[in-house]
Amino acid sequence: MPKPLMCSPEVLNQDLHGRRVVVTGANSGIGFVTAKQLAKQGASVTLACRNEAQGTARADEIRAEVPNADLEVRKLDLGDLSSVRTFADGYLTDHDSLHLLINNAGVMNTPQGKTTDGFETQIGVNHLGHFLLTELLLDTLKKSAPARVVMVSSCYHDMAMGREGVIDLDDLHFDNRKYEGWVSYAQSKLANLLHAKHLAKLLEGTGVTAVSVHPGWVRTELMRHTMPGWMQSVTRPFMAMMGMVEPWEGTQTTLYAALAPDVEAHPGAYYSQTGTYRDKSKNVGGWPLESPNPNAHDDAMAQRLYDRSRELVGLAAS
């Protein structure tokens, strides 16, 4: 298997004092590792977590390792748009800057369900919750420029267990088609990529750069609906041989997209850790990498998805 791509020391040693960051899903997995690394580099980090108690515990873990870490924990439930609005209102009341928004939280291959607002769970949490959050924080990102938005997508936006990533705007929520967890996941991750791509166009000239990333096949709780934890532990050596990476390796692409100077030259690009693509030559990853999914290059769909997303989250037409 190809070796994971890793950031250079120059990227990981940047001085981030004075930079303010929001990381969603920072209480576990690569979100936690990302938040810890940014805190090590001096950033002021907001851990945006659905479970505030877990977020507080993880913040304490970071402080034990980084005594001077500038951290705060705020509740954010991406499956409830009222929670997203409350988070944004609270953040903007207390802070007048934001230099980096990392839309990291997500769910994968969940049983069929609905969010508080009636959206299918995966498109609701992975895309629409983050979409509203980004829109509500966008003016502050612009005022704080240079700034970045990093959308955590997946190589499964291409093919998820044989299901091609496609946006079905006529039935985003599986009201009229049979629900399949992997079809839904692929759709939501393609939505993340297209969101970043279209947002980058809208932000041209503002000093805010939007990109998407595939962090790798990472050993995290994201797999809980696909493989129980005990099974992950038993099969861990074999999974590593098949390309599974550890959280520190999984956060490398996020950190690169967030911090590397050359990213600003590639607005809307997709950055990939090692992955599994229909075009096997892409499996080595790339910073950036051109997606082999033709749907990832559909600018008209990206525009339509953006407009439809604004409607669904209750924002005025753009």
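Quick caveat, the model's predicted, so the values are computed rather than measured. (Residues numbered from 1 in each chain as written. Predicted model: local features only at pLDDT ≥ 70, side-chain atom pairs only at ≥ 80, totals over all residues. Heavy atoms only, no water.)

Asks: In this structure, what is going on with the overall build of the chain? I would like to understand it.
Replies: Looking only at helices and strands, the chain has ten helices and nine strands in total. For a compact globule of 318 residues, the expected C-alpha radius of gyration is about 20 Å, and the chain comes in at 18 Å, within 12% of that figure. The C-alpha extent of the chain, read off along each of the three principal axes, is 50 × 50 × 40 Å. Out of the 318 residues belonging to the chain, those deemed buried represent 58%. Restricting to contacts in the chain with at least 6 residues of sequence separation, those with at least 24 account for 73%. Accessible surface computed for the chain: about 13300 Å², of which carbon and sulfur atoms make up 51%. (Helix = DSSP H or I, 4+ residues; strand = E, 2+ residues; numbered from the N terminus. Rg over C-alpha atoms; globule rule 2.2 N^0.38 Å. Buried < 20%, exposed > 50% of the residue type's maximum accessible area, 1.4 Å probe, protein only. Contact = heavy atoms within 4.5 Å. Areas by Shrake-Rupley, 256 points an atom, 1.4 Å probe, with all protein chains shown as cover.)

Asks: Which parts of the structure should I look at to understand the side chain of Gln 122?
Replies: With respect to the helices, strands and loops of the structure, Gln 122 is situated in helix H5 (residues 121–143). Those residues in contact with Gln 122, other than ones at most four positions away along the chain, are Val 107, Met 108, Asn 109, Thr 110, His 127, Tyr 179, Gly 181, Ser 184, Tyr 185 and Ser 188.

Asks: Could you clarify how one ought to interpret the environment of Val 33 in this entry?
Replies: You can see Val 33 is positioned in helix H2 (residues 29–40). If near-sequence neighbours (up to four positions away) are discounted, Val 33 is found in contact with Pro 247, Trp 248 and Thr 251.

Asks: Where do I start with the side chain of Glu 120 in this structure?
Replies: Inspection of the secondary structure puts Glu 120 in the loop between strand E4 (100–103) and H5. Buried and unpaired, Glu 120 has Arg 177 as its nearest opposite-charge partner, separated by 7.3 Å. A polar atom in the side chain of Glu 120 sits 2.9 Å from the backbone nitrogen of Gln 122. One polar contact links Glu 120 to Ser 184, side chain to side chain, over a distance of 2.8 Å. (Lys, Arg positive; Asp, Glu negative; His and termini not counted. Salt bridge = Lys/Arg side-chain N within 4 Å of Asp/Glu carboxyl O. Polar contact = N/O pair within 3.5 Å; in protein donor to acceptor, adjacent residues only side chain to side chain.)

Asks: Which parts of the structure should I look at to understand the packing of helix H4 (residues 81–94) against H5?
Replies: Packed helix pairs are characterised by how far apart their axes lie and by the angle those axes make with each other. Closest axis-to-axis distance for the H4/H5 pair is 9 Å, and the angle between their directions is 20 degrees. Relative to H5, the element H4 is oriented roughly parallel. Considering the relative orientation of H4 and H5, their crossing is right-handed. Counting all contacts with H4, which are made through Leu 81, Val 84, Arg 85, Phe 87, Ala 88, Tyr 91 and Leu 92, the residues of H5 involved are Leu 128, Gly 129, Leu 132, Leu 133, Leu 136, Leu 137 and Thr 140. The residue makeup of the contact of H4 with H5, split by class, is eleven nonpolar, two polar and one charged. (Axes fitted to C-alpha atoms, helices over the stretch in contact; angles between N-to-C directions. Parallel < 35°, antiparallel > 145°, perpendicular 65-115°, else oblique. Left-handed = near helix turned anticlockwise from the far one by under 90°. Nonpolar A, V, L, I, M, F, W, Y, C, P; charged D, E, K, R; others polar.)

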